[in-house]
Amino acid sequence: MKVSLRMVRLSAVAVALLLTLGPEGGHYGTAAAQDRAARALDVYVIDVEGGNATLFVSPSRESLLIDTGNVGPGAIRDADRIMAAVKDAGLTQIDHLITTHYHADHFGAMAELAGRIPVREFIDHGVSVEKNATTDAFLQNVYPGLYAKGRHTIAQPGQRFSMGDVDVRIVASAGKPVSAAVPGAGRPNPYCVSTKPVEPDAGENAQSVASHFSFGRFRALHLGDLTWNKEIELMCPANRLGDIDLFVVSHHGQASSNSPVLVHAIHPRVAVVNNGPRKGGQPDAMKVLFSAPRLETIWQLHFSQWSGQEYTVPGMLIANGFDEPAPAMPIAPMTPPARGAPAAPPPPVHNGQAYWIKISARQDGSFTVTNTRNAFSKTYAVR
Ligand SMILES: [Zn+2]
Ligand SMILES: [Zn+2]
């Protein structure tokens, strides 16, 4: 017994020596290699009440934040919520900030946030195509002062940058789709035949900066609020995006985006809806998501009155409720008031404790999604 134990100990020493001198070179090599394998691309889908704020943190701890939540009284709340995720990720700066488009639920807390943590690069689609007093004041008087402290980049379709092992590709910006398919994609898209264009969207949503992420075999997609016709331009005749593991659902899960030509063609394994209490989650959009081929789970950032119980997912997959919870969610989705009818009562408020949905992806393509409200998590194995 003693002999074999000593042999084990000796061989362990030999293995350690071999690893120390091994191909990684230098005696930090083995630890670094193990570290790299263990570390993940972390994605935080943060609750900003039907706006957007999604934080990507690479294994090398480089960071990209997409959008900064709401203007007005919501800005401090949303900056607090973004900073909670920033702290969880251990960041001391935001390396890249993409503002997908100039709507108040996407750039709203930018100044508040930039006052709390350095932002190194500000990325956007260029000039706003809408006239709006709040937005124009921000773009003229506030934004230039913020990006003067860092770098200002106007995103071009096809542009790419890397955050360590994570490649980020801009697949649409200022209404123009990328012309070439991402590596491995580009097959004909069978959904082009059945998806018809709608009235053109002349507003800011159609200008959204859209991003594709690859990390080893893992793929993620965040298109901001890109709308229906732009999805057709991007996805037809060839599917330029290929298969996606994590789809951050476009436009908060509204049906003016999320056509089958996009949602069904990318075969998402997981869809995360960045909806609010009464924004996104409408039946028409939920039907497209639920019928997406190969989709394994839909996660929602919020209980949505537009979904009711009929069109939503089990509560364990939903991250946020309301400050004053209703005894039960009605089965039927809430119907928007008809044009000219009295307005509906205001949506339920959620200014209290908020929870993000966190995705941790590994280089082999496997990933884990966690609802931080109830700690429910699911791991999606290599496929
Ligand atoms: Zn909320
Ligand atoms: Zn929006």
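Coordinates for the structure precede this section.
Residues numbered from 1 in each chain as written. Chains lettered and ligands numbered in written order. Predicted model: local features only at pLDDT ≥ 70, side-chain atom pairs only at ≥ 80, totals over all residues. Heavy atoms only, no water.

A. Structural context of the sheet that holds strand β16 (residues 367-371). Reading across from one edge, β6-β5-β4-β3-β2-β1-β15-β16-β17 is the order of the nine strands in this open sheet, with mixed pairing throughout. In this open sheet, the two edge strands, each paired with only one partner strand, are β6 (151-154) and β17 (376-380). The mean inter-strand angle of the sheet, taken between neighbouring strand axes irrespective of direction, is 15 degrees. The sheet contact formed by β16 and β17 spans five bridges and is antiparallel. Within the sheet, the bridge partner assigned to Thr-368 lies in β17 and is Thr-379. Seen against the sheet, helix α5 (residues 133-147) touches β5 (121-124) and β6 and runs at an angle of roughly 135 degrees to β5. (Pairing = 2+ DSSP bridges. Helix = DSSP H or I, 4+ residues; strand = E, 2+ residues; numbered from the N terminus. Axes fitted to C-alpha atoms, helices over the stretch in contact; angles between N-to-C directions. Contact = heavy atoms within 4.5 Å.)

B. Broad picture of the side chain of Asp-78. Mapping Asp-78 onto the fold places it in helix α3 (residues 74-88). The residues contacting Asp-78, other than those within four sequence positions of it, are Val-48, Thr-68, Gly-69, Asn-70 and Ala-109.

C. Layout of the nonpolar core. The biggest cluster of nonpolar side chains holds 65 residues, and the ones touching the most others in it are Leu-64, Leu-246, Phe-247, Leu-262 and Ile-359. Of the residues forming this core, the biggest block, five residues, is contributed by strand β8 (residues 166-173). With residues up to four places along the chain from it excluded, the contact list for Leu-64 reads Thr-54, Leu-55, Phe-56, His-96, Leu-97, Ile-98, Phe-161, Met-163, Val-168 and Phe-213. Residues Ala-85, Tyr-102, Tyr-143 and Leu-146 belong to the second largest nonpolar core, which totals 26 residues. (Core = buried A, V, L, I, M, F, W, Y, C linked by side-chain atoms within 4.5 Å. Buried < 20%, exposed > 50% of the residue type's maximum accessible area, 1.4 Å probe, protein only.)

D. Summary view of the packing of aromatic side chains. Under the definition given, this model contains nine aromatic pairs. Cluster of aromatic residues (ring-pair linked, three or more members): Phe-107, Phe-122, Phe-138, Tyr-143 and Tyr-147. (Phe/Tyr/Trp six-rings, centres within 6.5 Å; stacked < 30°, edge-to-face > 60°.)

E. Focus on the coordination of the zinc ion (ligand 1). Within the protein, the zinc ion (ligand 1) binds to Asp-47 (OD), Glu-49 (OE), His-302 (NE2) and His-350 (ND1); these donor distances fall in the range 1.8 to 2.0 Å. Taken together, the four donor atoms coordinating the zinc ion (ligand 1) span angles of 95 to 135 degrees at the metal, a pattern that classifies the geometry as tetrahedral. Within one chain, the residues donating to the zinc ion (ligand 1) are spaced in sequence as D-x1-E-x252-H-x47-H. Remark: His-350 occurs in the loop between β14 (297-300) and β15 (357-361) and Asp-47 occurs in the loop between β1 (41-45) and β2 (54-57); sequence separation between them is 303 residues. (Donors = N, O, S within 2.8 Å, 3.2 Å for Na, K, Ca; no water. Tetrahedral: all angles 85-135°; square planar, octahedral: opposite > 155°, others 65-115°.)

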